[in-house]
Amino acid sequence: MKINAAITAVGGYVPETVLTNADLEKMVDTSDEWIRTRTGIHERRILKEEGKATSDMAARAILPMLEKKGIDPNEIDIIICATITGDYIFPATANVVADKIGATNAWGYDVSAACSGFLYALQTGAKFIESGTYKKVVVVGVDKMSAIIDYTDRNTCIIFGDGGGCVLLEPNEEGFGVIDAKLHSDGQGRNFLYQPAGGSLNPPTKETVEARQHYVYQEGKTVFKFAVTNMADVSYEVMKRNNLSSDDVDWLVPHQANLRIIDATADRMGLDSSKVLINIQKYGNTTAGTLPLLLWDFQDKFKKGDNLILSTFGGGFTWGAIYLKWAL
Ligand code: UT7
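A quick note: this is a predicted structure, and the numbers were derived from the prediction, not measured. Each chain carries its own residue numbering, running from 1 in the direction its sequence is written. Reporting in this predicted model follows two pLDDT cut-offs: at least 70 for local features of residues, and 80 or more for side-chain atom pairs to be given and counted; totals over whole chains, interfaces and linings ignore these cut-offs and use all residues. Excluded from the side-chain calculations are hydrogens and water; all other atoms, namely the structure's heavy atoms, are used.

### A few points about the sheet that holds strand β4 (residues 78–82)
Here comes step 1: In space, the 5 strands of this open sheet follow the order β1-β7-β6-β4-β5, with mixed pairing throughout. Since the sheet does not close on itself, it has two edges, and those belong to β1 (4–13) and β5 (107–111), each with one partner. Strand-to-strand twist across the sheet, computed as the mean angle between neighbouring axes with direction ignored, equals 20°.
Here comes step 2: At least two bridges found by DSSP between two strands are what make those strands a pair. Each helix is a run of DSSP H or I of at least 4 residues and each strand a run of E of at least 2, with the numbering of both proceeding from the N terminus. Pairing analysis gives 5 bridges linking β4 to strand β6 (residues 137–144), with the strands arranged parallel. From the neighbouring strand, Ile80 faces β6, where its bridge partner is Val139.
Here comes step 3: Running over the sheet, helix α5 (residues 117–130) touches β1, β4, β5, β6 and β7 (162–172) and is turned about 170° from β6.
Here comes step 4: Any two residues whose heavy atoms approach within 4.5 Å at even a single point are treated as in contact. Under this scheme, a helix contributes an axis fitted over its contacting stretch, all axes are lines through C-alpha atoms, and angles between N-to-C directions fall in the 0 to 180 degree range. Along the sheet, helix α11 (residues 290–298) makes contact with β1, β6 and β7, crossing β1 at roughly 85°.

Following this line, the structure appears as structure tokens:
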């Protein structure tokens, strides 16, 4: 019998501090009306606590999930952490998370794929289960975007927020879990959405700091153009190659970057808006955090056997879609 990787628990965490559109109106030349109509975002969460980082949000998502499920952190085999705002350049945030949650038997690593990070990590984690290598895999997608956002740049500061979530993957032999994945990357897109300095190409110097190159740079229009077609196309392709009609798809779980991109994807798939999960108004774009945060927010709506399509587009460029059958 084929072993599938099923999601058997979900966790999530967003910081308490709320940054509203009205707050941003006082910081940059923007308006609540512009932000709502162009993106769908009303507010986002910011991790303000002194000395807290991405790993702390991950731990706050994972620990209650394990506790609810009655699983000791020592039972976890591996932690795969999708993030572009790790606590350090190295070591990997997954290592820090394992320490903070007391997962002494786990090893782990980070996956860097910007807004597609969670899907990349989910696909990787699923393979450890499908191959029979491991029984308990934690996949976490989390970002502290406020650490790399320039709050004087209205092109980016209105979009991003902090937060993330996680899933536990366990073997399933009844056909539930991850069924199919189609993932892509195209490095030609790297300069349209990126953090120009801080890596080995442009190590930190006084000049890079003064030029504000340690913040996110985005050419919004270009990214929008690629996102709108690629996210819609890959979602449609995954649906078609699994012989799913729009009636068969129960939920679209789309990356939360812009309501207009989500609408275009749902249109291409022929989905009614009632099947499209949206929480962008509350959290903005949490990068690797958006998809697990949707699963966390809406898990009570899912029924066992529901067909979910998770899809995303992000910096890199990276994009893709995963089809899974809900197992809970
Ligand atoms: O998650 C990873 C992938 N990222 C994405 O998918 C994001 C994709 N891009 C987008 O979502 C959109 O491009 C944005 C929301 C970033 C921008 O929306 P847009 O409709 O593409 O606006 P634009 O950049 O074309 O700007 C239109 C106008 C410009 O003014 P002019 O040149 O027409 O006078 C901008 O300067 O809006 C201006 N503008 C703003 N005005 C008020 C740009 N940002 C703001 C702002 N408030 N915050």
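### Quick notes on the sheet that holds strand β8 (residues 177–185)
Here comes step 1: Ordered by their spatial adjacency, 4 strands build an open sheet running β8-β13-β12-β11, and the pairing between neighbours is mixed. Each edge of the open sheet carries a strand with a single partner, namely β8 and β11 (251–254). The sheet shows a mean angle of 15° between the axes of neighbouring strands, taken without regard to direction.
Here comes step 2: The sheet contact formed by strand β12 (residues 307–314) and strand β13 (residues 318–325) spans 8 bridges and is antiparallel. Its bridge partner being in β13, Asn307 is matched across the sheet by Lys325.
Here comes step 3: With respect to the sheet, helix α8 (residues 220–241) is in contact with β8, β11, β12 and β13, its orientation differing from that of β12 by roughly 155°.
Here comes step 4: Contacting β11 and β12, helix α9 (residues 259–269) crosses the sheet at an angle of about 145° to β11.

### Points about the site of the ligand
Here comes step 1: Among the 25 residues in the neighbourhood of the ligand, the closest are listed as Thr30, Arg38, Lys221, Asn258 and Asn285.
Here comes step 2: Think of a polar contact as two N or O atoms within 3.5 Å of one another; within protein, one of them needs to be a possible hydrogen donor and the other a possible acceptor, and neighboring residues in sequence only count if both atoms come from side chains. In this structure, an oxygen atom belonging to the ligand sits 2.7 Å away from a side-chain N or O atom of Arg38.
Here comes step 3: The separation between an oxygen atom of the ligand and a polar side-chain atom of His255 is 2.9 Å.
Here comes step 4: Using a 1.4 Å probe, the Shrake-Rupley method yields the accessible areas, and only the shown protein chains count as cover for residues. Relative to its unbound accessible surface of 950 Å², the ligand loses 75% to contact with the protein.
Here comes step 5: Elements represented by at least two residues in the shell around the ligand include exactly α2 (32–39), α6 (154–157), α8, α9 and β12. Distances are taken per atom, and a residue is near a molecule or strand as soon as one of its heavy atoms is within 4 Å of it.

### A look at the pairing of β5
Here comes step 1: Bridge analysis of β4 against β5 gives 5 bridges, and the strand direction is parallel. Along β5, the bridge assignment pairs Ile78 with Trp107.
Here comes step 2: Seen with its strands pointing away from the viewer, a crossover is right-handed when the path leading from the first strand over the helix to the second is clockwise. Since β4 and β5 lie parallel, the crossover through helix α4 (residues 93–101) that links them has a hand, and here it is right-handed.

### What to know about the environment of Asp32
Here comes step 1: With respect to the element layout, Asp32 can be found in helix α2.
Here comes step 2: Once the C-alpha coordinates of Asp32 and Phe176 are considered, the two residues, 144 residues apart in sequence, prove to be 42 Å apart.
Here comes step 3: Sequence-distant contacts of Asp32, that is, excluding residues within four places in its chain, are made with Asn21 and Glu25.

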